[in-house]
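Tertiary structure, described
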Amino acid sequence: MARCGGRSLISSLLLLLVALLTISPSHGFLKTEKKIKSASFLSPKLVMNPGSVANPFLFDIDFPRGHIGIKGFDAEVVDQDGNPVPLHETYLHHWVVQPYYVRKGFKLSQRDMPRNHGFSRQDNARHLGSKPDYILVRNGGLCRNTVRHFFGLGSETRKTSTHVPDPYAIEIDNPEETPNGYEFKWLLNIHAIDTRGVVDKSGCTECRCNLYNVTIDEYGRAIKPDYKGGLYCCYDKTQCLVRNGFDSVEEKTRTLYLKYTVRWVDWDSSVVPAKVYILDVTDSWEPSQGSTGDSQEHFCHVEYEVKPCKTNGDGCVDVKKKSLMMPFNGYIVYGVAHQHAGGIGAALYREDGEGICTSMTKYGNGDEPGNEAGYIVGMSSCYPEPVKVTSGETLTLEFNYSSAVGHTGVMGLFYILVAQQLPEPESSLPALFQAHEKDVSFLSFLAATVVVAVVVLIAAVVYRRQKREDGYQSLST
């Protein structure tokens, strides 16, 4: 019995040793991702035909509710069966999401949205008496009068990381900030262009006005003669030119959706808030005496034209730069650029040339969704060690486009996340995890050492007992 019990104990201790040696902090209770929640939603449907354009504003979309911290937002166009749709069939010009407060009992509709594609130079609210019907919640800046959204990408959406690094998150729906009598909701703007059967896919995706046969914008305003292409020519329900005979193709009407996936955490004291700032290379701001860099000093054109270079060759590059004064104190913890076809990368750096973030384009080389040849299918994201920026400091944007051929309606936006303060050592999740990993590794080593010692001791005791039993003689014999 002693021999059997000893062996059983040794076996149990050996199993415990194996368990201890296989402990990994990344698989235990310390893993932050276990706190992250995720849910996918479908937008209201888009009914598309060859050459058609959909650019609706959709209100009160499905979205996680409550006081939360956003950790990521991804999206793609899918068909009615949930299959991803390639860019060479339906081009995703852009999608953007933005929170807003709406007066209880008031239902917001597209006609209530400000002009200029929802990019307004006016006050972002519609008033009824002394109380606005809705209040758009804008990002931190700088072009808050035009580019107000929190998240937004285009063709690059499938292969661009939007993950917000720990311990940061974008704080949403803080109940202390909700005005009395209002509800917190989200709107979604999708700009999709069906390029099946069109005479010029590139021209349609760049919204060249001659292919859309428009001379006025969606609000009836005359388009300037020197405006060759862009958002003013490919608004909701416009039609890009389709080649002769393609109209006879059966079953050309299709129903599509934007499938979007939100990742978030419930808000608590361990989460450090980070604000969204969007910088635009078309910003008209210029330094002047007394300038503060406040958003009221900025006017952003959002898009611009890349003219073809006079000499042919791969060396033709259009370089556009803009230096902007930062109106905040904080730390940049994430960055990514947004470009259109022809883009070859962008950078954000200090006045002395010190780099903060370089975001490069990824082009596809196939037919399948996420790898479409000739399209930007991703932008590289930056996760720098927190970069300190002080109010009044000037940062420079640089956007590069190939100018071997001309491009219309291109964009040069840079998204950055800024934390106003760094986490305290005791609340820094990465620091905690590193500390915990060290503690767990040490404890695992210590426990393993103790178990080995105990196993050796028990083995010795069992061995000695076994020797005694083997040599034992009864005194009665």
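Preceding block: the structure.
These notes cover the structure that comes with them. (Residues numbered from 1 in each chain as written. Predicted model: local features only at pLDDT ≥ 70, side-chain atom pairs only at ≥ 80, totals over all residues. Heavy atoms only, no water.)

To continue, consider the overall build of the chain. Counting its regular elements, the chain contains four helices and 24 strands. The proportion of buried residues among the 477 residues of the chain is 51%. Within the chain, residue pairs in contact and separated by at least 24 positions form 80% of the contacts whose partners lie at least 6 positions apart. Total accessible area on the chain stands at roughly 23,800 Å², and carbon and sulfur atoms take up 53% of it. (Helix = DSSP H or I, 4+ residues; strand = E, 2+ residues; numbered from the N terminus. Buried < 20%, exposed > 50% of the residue type's maximum accessible area, 1.4 Å probe, protein only. Contact = heavy atoms within 4.5 Å. Areas by Shrake-Rupley, 256 points an atom, 1.4 Å probe, with all protein chains shown as cover.)

This part covers unusual backbone geometry. That bond from Gly-141 to Leu-142 is cis: its omega, 10°, falls within 30 degrees of zero. With respect to the secondary-structure elements, Leu-142 resides in the loop between strand E8 (131-136) and strand E9 (151-153). Even without glycine at this site, Asp-60 takes up a positive phi of about 55°. With respect to the helices and strands, Asp-60 occurs in the loop between strand E4 (57-59) and strand E5 (68-79). For Asp-60, a relative accessible area of 38% corresponds to the partly exposed category. With phi around 75°, Lys-237 is a residue other than glycine that occupies positive phi space.

Throughout the structure, instances matching the rule amount to seven cavities of 30 Å³ or more. Empty space within the largest cavity amounts to approximately 140 Å³. Elements with a minimum of two residues in the lining of the largest cavity: E9, strand E16 (330-338) and strand E24 (413-419). Of all the elements, E9 adds the most residues to the lining of the largest cavity, at three residues. Per-class residue counts for the lining of the largest cavity are twelve nonpolar, three polar and no charged. (1 Å grid on protein atoms, 1.4 Å probe; cavity = no way out; pocket = protein on both sides within 12 Å on 5 of 7 lines; lining within 4 Å. Points joined across faces, edges and corners; volume = space filled by probe spheres on them. Nonpolar A, V, L, I, M, F, W, Y, C, P; charged D, E, K, R; others polar.)

Turning our eyes to something else, we now look at the pattern of salt bridges. Applying the stated rule across the entire model yields 21 salt bridges. Measuring nitrogen to oxygen at the nearest pair gives 3.5 Å for the salt bridge that ties Arg-158 to Glu-372. Highlighted residues: Arg-158 in the loop between E9 and strand E10 (168-172) and Glu-372 in the loop between strand E19 (361-363) and strand E20 (376-379), separated in sequence by 214 residues. Looking at Arg-158, the relative accessible area reads 24%, which means it is partly exposed. Residue classification places Glu-372 among the buried positions, given a relative accessible area of 0%. In this structure, the salt-bridge partner of Arg-196 is Asp-194, at a minimum N-O distance of 2.7 Å. Asp-194 carries the same exposure label as Arg-196, and that label is buried. Residues joined in a network through salt bridges with shared partners are Asp-60, Arg-65 and Lys-185. (Salt bridge = Lys/Arg side-chain N within 4 Å of Asp/Glu carboxyl O.)

In this section: the packing of aromatic side chains. Tallying each qualifying case throughout the model produces 16 aromatic pairs. Aromatic pair Phe-63 and Phe-73: ring centres 5.9 Å apart, planes at 20°, arrangement stacked. Residue Phe-63 is found in the loop between E4 and E5, and its partner Phe-73 is found in strand E5; the two are separated by ten residues along the sequence. For Phe-63, a relative accessible area of 5% gives the class buried. Members of the aromatic cluster, joined through ring pairs, are Phe-41, Phe-63, Phe-73, Trp-95, Tyr-101, Phe-150, Phe-151, Phe-184, Trp-186 and Tyr-260. Just above the ring of Tyr-304 sits the side chain of Lys-320; from NZ or CZ to the centre is 5.1 Å. (Phe/Tyr/Trp six-rings, centres within 6.5 Å; stacked < 30°, edge-to-face > 60°. Lys NZ or Arg CZ within 6 Å of the ring centre and 35° of its normal.)

What follows is about the state of the cysteines. Summed over all chains, the structure comprises six disulfides. Disulfide pairing places Cys-209 opposite Cys-233 at an S-S distance of 1.8 Å. Judged by the sign of its S-S torsion, about 75°, the cystine formed by Cys-209 and Cys-233 is right-handed. With Cys-209 in helix H3 (residues 209-212) and Cys-233 in the loop between H3 and strand E12 (254-266), the pair connects residues that are 24 residues apart, well separated along the chain. What makes Cys-209 buried here is its relative accessible area of 8%. Put simply, Cys-357 and Cys-382 are joined by a disulfide, and their sulfur atoms are 2.0 Å apart. Measuring the twist about the S-S bond at about 85°, one finds the Cys-357-Cys-382 disulfide to be right-handed. Placement of the pair is Cys-357 in strand E18 (residues 355-359) and Cys-382 in the loop between E20 and strand E21 (387-389), with a sequence separation of 25 residues. As far as burial versus exposure is concerned, Cys-357 and Cys-382 are alike and both buried. With its bonded cysteines labelled in order along the sequence, the chain shows the pairing 1-8, 2-7, 3-6, 4-5, 9-10, 11-12. (Disulfide = S-S within 2.5 Å.)

Nonpolar side chains in soluble globular proteins tend to end up buried together. Within the largest apolar cluster, 103 residues are counted, with the highest numbers of intra-cluster contacts made by Tyr-212 and Phe-414. With nine residues, the next largest nonpolar core counts Phe-59, Leu-108, Leu-136 and Leu-187 among its residues. (Core = buried A, V, L, I, M, F, W, Y, C linked by side-chain atoms within 4.5 Å.)

Tracing the sequence through the fold places Val-272 in strand E13 (residues 272-280). Judged by relative accessible area, which is 7%, Val-272 ranks as buried. For the pair formed by Val-272 and Gln-421, sequence separation is 149 residues and the distance between their alpha carbons is 8.0 Å. Contact partners of Val-272, with chain neighbours within four places excluded, come to Pro-167, Tyr-168, Ala-169, Trp-267, Gln-421 and Pro-423.

A few words now on the sheet that holds strand E22 (residues 394-402). Taken in spatial order, the four strands make up an open sheet running E15-E22-E17-E18, and their pairing is antiparallel. Here the strands that pair on one side only, and so sit at the sheet edges, are strand E15 (317-325) and E18. Adjacent strand axes in the sheet meet at a mean angle of 15°, parallel and antiparallel pairs treated alike. Direction of pairing for E15 relative to E22: antiparallel, over a ladder of nine bridges. (Pairing = 2+ DSSP bridges. Axes fitted to C-alpha atoms, helices over the stretch in contact; angles between N-to-C directions.)

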